[in-house]
Protein chains: 2
Amino acid sequence: MTSSPSVYPKVVISGTGLWTPPHVVTNEELVTAYNSWANRYNTIHAKAISAGEMTAKPEGSAAFIEKAAGIKQRYVYAKEGLLDIDRMRPILSERPESALSDQAEVGADAGRKAMEAAGKTADDIDAVIVSCSYTQRAYPAIAIEVQDALGIQNGFAFDMLVGCSAGTFALHRAYEMVRSGTARTVLVVNPEMISPQANYCDRDSHFIFGDAATALVVEREETFTSAHGFEILSAHAQTRFSSNVRSNFGYFSRITDADPFSATNLFHQNGRRVFKEVCPMAIQHLSAHIGQYGLAASDIRRWWLHQANSHMNEMICTKLLGHPASFDEAPIILDQYANTASAGSLIVFHLYHDDLQSGDHGVICSFGAGYSIGSLILKKR
Amino acid sequence: MTSSPSVYPKVVISGTGLWTPPHVVTNEELVTAYNSWANRYNTIHAKAISAGEMTAKPEGSAAFIEKAAGIKQRYVYAKEGLLDIDRMRPILSERPESALSDQAEVGADAGRKAMEAAGKTADDIDAVIVSCSYTQRAYPAIAIEVQDALGIQNGFAFDMLVGCSAGTFALHRAYEMVRSGTARTVLVVNPEMISPQANYCDRDSHFIFGDAATALVVEREETFTSAHGFEILSAHAQTRFSSNVRSNFGYFSRITDADPFSATNLFHQNGRRVFKEVCPMAIQHLSAHIGQYGLAASDIRRWWLHQANSHMNEMICTKLLGHPASFDEAPIILDQYANTASAGSLIVFHLYHDDLQSGDHGVICSFGAGYSIGSLILKKR
């Protein structure tokens with residue numbers, strides 16, 4: 001937790017950008033495909049299921065998904081193959097090494113928009129952070145490819161991985177860079193391409209994720225010129241290890257001979273325990289963070305919260321505010337975007353920040369896999 | 001590039017730790033296995049090879065490896081299977097989710113040693129960075145598991161990926177955290193487990209890598225108590241995109257239907273171009289960095305350089321110093337450890353820092369995949 005003594009340069013978020021994938025998948029489409037696949041599975045294995053040797057796949061329901069998570073649809077990078085019950089995952093052509101990678105392309109798209117919003121050119125940027133739940137390869141870092149794709153000649157770039165808090169944690173690093181003087185203007189990019197790691201044969205998780213990429217420009221107050229800037233007053237983070245949200249896919253499967261894409265190597269979670277454990281952590285974290293900065297919940301004009309499940313946000317807001325939050329107080333985009341991991345709170349920030357007045361306070365907060373919680377207290381310039 | 005105005009807290013590297021794997025693989029062992037495999041391959045495909053439809057696998061030589069790269073042996077995490085010509089990669093049991101992961105275990109081992117060297121307990125650490133070429137999974141972050149394994153109850157942790165410069169770039173983040181006030185004492189861990197991604201059927205790269213984990217404690221000068229501390233005077237980094245060192249393995253293979261472990265998805269490089277392009281970059285970078293801090297090459301008591309190839313270091317040092325560097329000026333551990341990616345310069349720092357006198361200057365520098373170059377100018381306390 002930090003305050004801002006006057007010796008440090010003030011740090012401002014000066015522009016945001018959002019890349020939204022071209023394809024929509026509705027709950028109805030997803031459930032129709034899943035149920036067809038599940039029914040066929042149950043028919044094929046009817047004998048073993050009735051003998052108790054196998055478990056029948058349960059039916060899904062579009063209405064249940066909306067009720068349980070607040071999700072109506074999601075955007076995905078690749079839709080072909082995803083609703084094909086003989087495949088149950090997207091299909092995509094592999095790009096050659098000489099081509100821009102998928103993840104760098106969508107990251108650069110969001111990055112370019114954020115730079116435009118901040119009124120910055122490639123020459124102004126001296127650091128690029130790509131931070132997300134999965135990087136498409138180990139090296140060269142995706143961030144260096146984004147840096148190159150945006151024509152940024154100077155400075156440095158690197159990748160970060162922290163699951164759901166990758167976005168806020170990268171903003172913290174940008175804040176530290178600008179504050180400590182190792183960079184003047186930082187581009188933070190969160191290309192969340194989660195759909196290739198979702199298990200579309202799992203009724204309890206196939207609906208959770210959508211793809212999206214966000215980007216933000218973080219710079220010194222003295223260079224900031226954009227219409228909508230937010231000073232970062234304070235950054236606070238905590239992590240506590242839990243395997244209740246986990247994705248084991250990794251390069252060790254080459255030597256363990258495990259199936260890299262088995263159900264336990266894809267995303268999986270103990271959703272109830274996550275809900276039960278993360279909500280109190282987030283409430284305590286946010287309460288302590290604004291409290292130590294001398295603010296009450298009623299002083300916060302807007303809460304840009306992690307978008308994993310609408311009931312989590314309802315519980316957290318009700319506890320913090322003493323009443324259920326209005327959309328204006330804590331916007332929700334789960335109905336449109338579903339859970340986009342670390343991009344969620346930053347999509348909300350991107351879409352709903354222009355109406356704040358000078359001097360208004362707001363809070364960005366992520367919470368989830370790790371467990372990890374990251375928050376920033378902002379003040380509209 | 002940064003200088004240190006007095007308003008910022010001074011930042012000190014106060015302790016280091018090293019985990020060395022239990023198994024040695026000599027050049028002779030590796031070449032014997034490779035040549036047996038290659039001879040069998042050539043015999044099986046003799047007709048196609050003589051018809052020009054396939055290319056014969058060339059023979060390797062232990063002496064050539066030593067001459068070309070300065071490598072005599074390497075340490076590996078898992079040796080079983082690696083010299084078996086029916087397998088040509090290590091074999092390892094997969095650990096259940098309830099167990100400490102391999103990478104967190106070795107990272108925690110190095111971390112514990114670094115904390116001991118710095119005289120710090122778990123209560124002192126308020127941030128953990130795991131930074132390396134490959135993380136064993138996407139999430140929860142390996143760093144959060146290391147934090148947990150070391151009993152660090154407070155603060156936060158996250159993973160970083162930048163190939164060869166993951167170590168120096170993580171030290172830069174630690175420097176920024178302490179300098180900007182978001183953390184007081186940071187543990188940087190670099191668990192480089194590269195052997196699972198090396199292509200043991202490629203004569204030109206099968207010998208390059210070894211495994212190792214390094215760790216460093218970075219803290220405010222005011223809390224530093226250890227026998228050997230180094231103030232970080234300045235940090236400087238640059239990246240420039242190149243596909244000449246590349247590892248494409250990643251989760252997109254689930255939707256592209258590509259073999260996750262094909263030769264192009266494992267580590268591969270254009271070694272000559274890397275040598276030709278990275279050496280001048282590193283020379284220019286180091287020269288500019290020390291120059292802007294008012295130091296000449298002759299002012300630097302020791303160079304803790306990246307350990308990829310002994311000839312790269314010879315060329316860089318000769319250009320910087322005007323004469324070939326002695327072991328005392330720029331130690332080499334390639335003969336024992338081979339290339340350990342981002343751990344290389346930090347193993348050298350760990351092994352060869354105790355003899356410096358108060359006031360002596362030293363430079364840590366990584367250079368490689370990305371391309372990425374990261375350097376720190378240090379002053380012995």
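Residues numbered from 1 in each chain as written. Chains lettered and ligands numbered in written order. Predicted model: local features only at pLDDT ≥ 70, side-chain atom pairs only at ≥ 80, totals over all residues. Heavy atoms only, no water.

The next thing to look at is the overall build of chain A. From N to C terminus, chain A includes 11 helices and 13 strands. Taking 381 residues into account, the globule formula puts the C-alpha radius of gyration at 21 Å, and chain A, at 21 Å, falls close to it. Projected onto its principal axes, the C-alpha coordinates of chain A cover approximately 75 × 55 × 35 Å. Counting across all 381 residues of chain A, residues that qualify as buried make up 64%. Counting contacts in chain A only where the partners sit at least 6 residues apart, residues at least 24 apart contribute 79% of the total. When the accessible surface of chain A is totalled, it reaches about 12900 Å², and 49% of it is carbon and sulfur. (Helix = DSSP H or I, 4+ residues; strand = E, 2+ residues; numbered from the N terminus. Rg over C-alpha atoms; globule rule 2.2 N^0.38 Å. Buried < 20%, exposed > 50% of the residue type's maximum accessible area, 1.4 Å probe, protein only. Contact = heavy atoms within 4.5 Å. Areas by Shrake-Rupley, 256 points an atom, 1.4 Å probe, with all protein chains shown as cover.)

Looking now at the side chain of His353 of chain A. Residue and element names in this part refer to chain A. For His353, the position within the fold is in the loop between helix H11 (344-351) and strand E12 (361-368). We classify His353 as buried; its relative accessible area is 7%. Among the polar contacts listed, one links the side chain of His353 to the backbone oxygen of His350, at a separation of 3.4 Å. (Polar contact = N/O pair within 3.5 Å; in protein donor to acceptor, adjacent residues only side chain to side chain.)

For any pair of aromatic rings, the description rests on two quantities: the centre-to-centre distance and the angle between the ring planes. Evaluation of the coordinates by the stated rule reveals 33 aromatic pairs over all chains. Their ring planes at 90° and their centres at 4.6 Å tell us that Phe209 of chain A and Phe267 of chain A sit as a pair that is edge-to-face. Separated by 58 residues along the polypeptide, Phe209 of chain A in the loop between strand E6 (185-192) and strand E7 (212-220) and Phe267 of chain A in strand E10 (residues 267-269) bring together distant segments of the chain. Classification of Phe267 of chain A by relative accessible area gives buried; the value is 3%. An aromatic cluster of at least three residues, connected via ring pairs, comprises Trp19, Tyr77 and Tyr134 of chain A together with Tyr139, Tyr251 and Phe252 of chain B. One Lys or Arg, Arg179 of chain A, reaches over the ring of Tyr8 of chain A and ends 4.0 Å from the middle of that ring. (Phe/Tyr/Trp six-rings, centres within 6.5 Å; stacked < 30°, edge-to-face > 60°. Lys NZ or Arg CZ within 6 Å of the ring centre and 35° of its normal.)

Let us now look at the pattern of salt bridges. A full pass over the atoms with the stated rule returns 42 salt bridges over all chains. For Arg302 of chain B, the salt bridge identified is with Asp355 of chain B, shortest N-O distance 2.7 Å. Pair noted here: Arg302 of chain B is in strand E11 (residues 300-305) and Asp355 of chain B is in the loop between helix H11 (344-351) and strand E12 (361-368), with a separation of 53 residues, a long-range link. Looking at Arg302 of chain B, the relative accessible area reads 2%, which means it is buried. Several salt bridges share partner residues, and in doing so they unite Arg301, Arg302, Asp328 and Asp355 of chain A into one network. (Salt bridge = Lys/Arg side-chain N within 4 Å of Asp/Glu carboxyl O.)

This part covers the packing of helix H6 (residues 166-180) of chain A against helix H6 (residues 166-180) of chain B. For any two helices packed against each other, the geometry is given by the interaxial angle and the distance between the axes. The N-to-C vectors of H6 of chain A and H6 of chain B enclose an angle of 65°; their axes lie 8 Å apart at closest approach. Overall, the two elements H6 of chain A and H6 of chain B adopt an arrangement that is roughly perpendicular. The handedness of the crossing between H6 of chain A and H6 of chain B is left-handed. In this structure, H6 of chain A uses Arg173, Glu176, Met177, Arg179 and Ser180 of chain A to contact H6 of chain B, whose residues at the interface are Arg173, Glu176, Met177, Arg179 and Ser180 of chain B. For the contact of H6 of chain A with H6 of chain B, the per-class residue count stands at 2 nonpolar, 2 polar and 6 charged. (Axes fitted to C-alpha atoms, helices over the stretch in contact; angles between N-to-C directions. Parallel < 35°, antiparallel > 145°, perpendicular 65-115°, else oblique. Left-handed = near helix turned anticlockwise from the far one by under 90°. Nonpolar A, V, L, I, M, F, W, Y, C, P; charged D, E, K, R; others polar.)

What follows is about the nonpolar core. Side chains of a nonpolar character, in soluble globular proteins, are inclined to be buried together. Membership of the largest hydrophobic core comes to 266 residues, with the highest contact counts inside it found for Leu187 and Trp303 of chain A together with Leu187 and Trp303 of chain B. Setting aside chain neighbours within four positions, we find Trp303 of chain B in contact with Leu286, Ile290, Ala297, Leu320, Leu321, Glu329, Ala330, Pro331 and Val363 of chain B. (Core = buried A, V, L, I, M, F, W, Y, C linked by side-chain atoms within 4.5 Å.)

Contact with chain B, which involves 86 residues of that partner, is made by 85 residues of chain A. Summed over both sides, the interface between chain B and chain A buries roughly 7600 Å², with carbon and sulfur atoms accounting for 61% of that surface. The interface formed by chain B and chain A contains 6 salt bridges. Taken together, the links from chain B to chain A amount to 42 residue pairs in polar contact (both at pLDDT 80 or more). For the side of chain B that touches chain A, the elements supplying multiple residues, two or more each, are helix H4 (102-118), helix H5 (142-149), strand E5 (156-161), H6, strand E8 (230-239), strand E9 (245-247), helix H7 (253-256) and strand E10 (267-269) of chain B. (Buried area = accessible area lost by both parts, 1.4 Å probe.)

With that out of the way, let us pick up the relation of the copies chain B and chain A. Here the second copy of the chain follows from the first by a rotation about an axis and a shift along it. With an RMSD of 0.0 Å, the fit of chain B onto chain A corresponds to turning through 180° and sliding 0.0 Å along the axis. Taken together, the rotation and translation describe the operation of a two-fold axis. When each C-alpha of chain B is compared by its distance to the rotation axis, Met160 of chain B comes out closest, at 2.1 Å. Comparing interface residues between copies, 99% of those in chain B also lie at the interface in chain A; the contact surface is shared. (Least-squares fit on C-alpha atoms with pLDDT ≥ 70 in both.)

Before going further, it helps to spend a moment on H6 of chain B. For H6 of chain B, spanning 15 residues, the distance from its first C-alpha to its last is 21 Å, which sits close to the expected 21 Å at 1.5 Å a residue. Count one or two residues on from H6 of chain B and you reach Gly181 of chain B, which has phi positive near 95°. (Expected span 1.5 Å × (residues − 1).)

Our focus in this paragraph is the pairing of strand E4 (residues 127-132) of chain A. All names here are of chain A. In terms of burial, E4 is a largely internal element, 6 of the 6 residues being buried. Of the two faces of E4, both are covered, the one formed by Ala127, Ile129 and Ser131 as well as the one formed by Val128, Val130 and Cys132. Pairing of E4 with strand E5 (residues 156-161), which is carried by 6 bridges, proceeds in the parallel orientation. Looking across to E5, one finds that Val130 is bridged to Asp159. In this fold, the crossover linking E4 to E5 by way of helix H5 (residues 142-149) has right-handed handedness. Here E4 runs beside E6; their pairing, made up of 4 bridges, is parallel. Each bridged residue has a counterpart across the sheet, and for Val130 the counterpart in E6 is Val189. (Pairing = 2+ DSSP bridges. Right-handed = clockwise from strand over helix to strand, strands pointing away.)

Let us look at the pairing of strand E1 (residues 11-19) of chain A. Residues and elements named next belong to chain A. Taking burial as the measure, the 9 residues of E1 include 9 buried ones, the bulk of the element. Relative to E7, E1 runs antiparallel, the two sharing 8 bridges. Bridging across to E7, Ile13 finds its partner in Val218.

Residue and element names in this part refer to chain A. The interhelical angle for the contact between helix H8 (residues 271-292) and helix H9 (residues 310-321), taken along N-to-C directions, is 35°, at an axis separation of 10 Å. In the crossing of H8 with H9, the sense of the turn from one axis to the other is right-handed. Between H8 and H9, the contacting residues are Val274, Phe275, Val278, Cys279, Ala282, Ile283, Leu286 and Ser287 on the first element and His311, Met312, Met315, Ile316, Lys319 and Leu320 on the second. Along the lines of polarity and charge, the residues of the contact of H8 with H9 split into 11 nonpolar, 2 polar and 1 charged.

With that settled, consider helix H3 (residues 62-69) of chain A. All names here are of chain A. Within H3 the residues assigned to the buried category are Ala62, Ile65 and Ala69. Along the long axis of H3, the arc covered by the buried residues comes to 65°, so they all point the same way. H3 presents Ala63 and Lys67 as exposed residues on the side facing more than 90 degrees away from its buried surface. Those residues of H3 hidden inside the fold are in contact with helix H1 (27-44), strand E3 (73-76), H9 and helix H10 (334-337). The N-terminus of H3 is capped by Ser61, whose side-chain oxygen sits 3.3 Å from the backbone nitrogen of Ala63. Downstream of H3 by one or two residues, Gly70 has phi in the positive range, about 80°. (Arc of directions from axis to C-beta.)

Residue and element names in this part refer to chain A. Per-chain confidence: chain A averages 96 in pLDDT, with 98% of residues scoring 70 or above. Taken together, the stretch residues 1-5 has pLDDT below 50 and engages in 24 contacts with residues farther than four places along the chain or on a different chain. Here the predicted complex carries an ipTM of 0.97, next to a pTM of 0.97. (pLDDT = per-residue confidence, 0-100.)

A cis amide bond links Tyr139 of chain B with the next residue in sequence, Pro140 of chain B, at an omega value of 0°. Following the sequence through the fold, Pro140 of chain B ends up in the loop between strand E4 (127-132) and H5. Of the consecutive residues Gly370 of chain B and Tyr371 of chain B, the connecting peptide bond is found in the cis state with omega at -15°. Tracing the backbone through its elements, the reader meets Tyr371 of chain B in the loop between E12 and strand E13 (372-380). Residues other than glycine seldom take positive phi values, yet Ala341 of chain A does so here, at roughly 55°.

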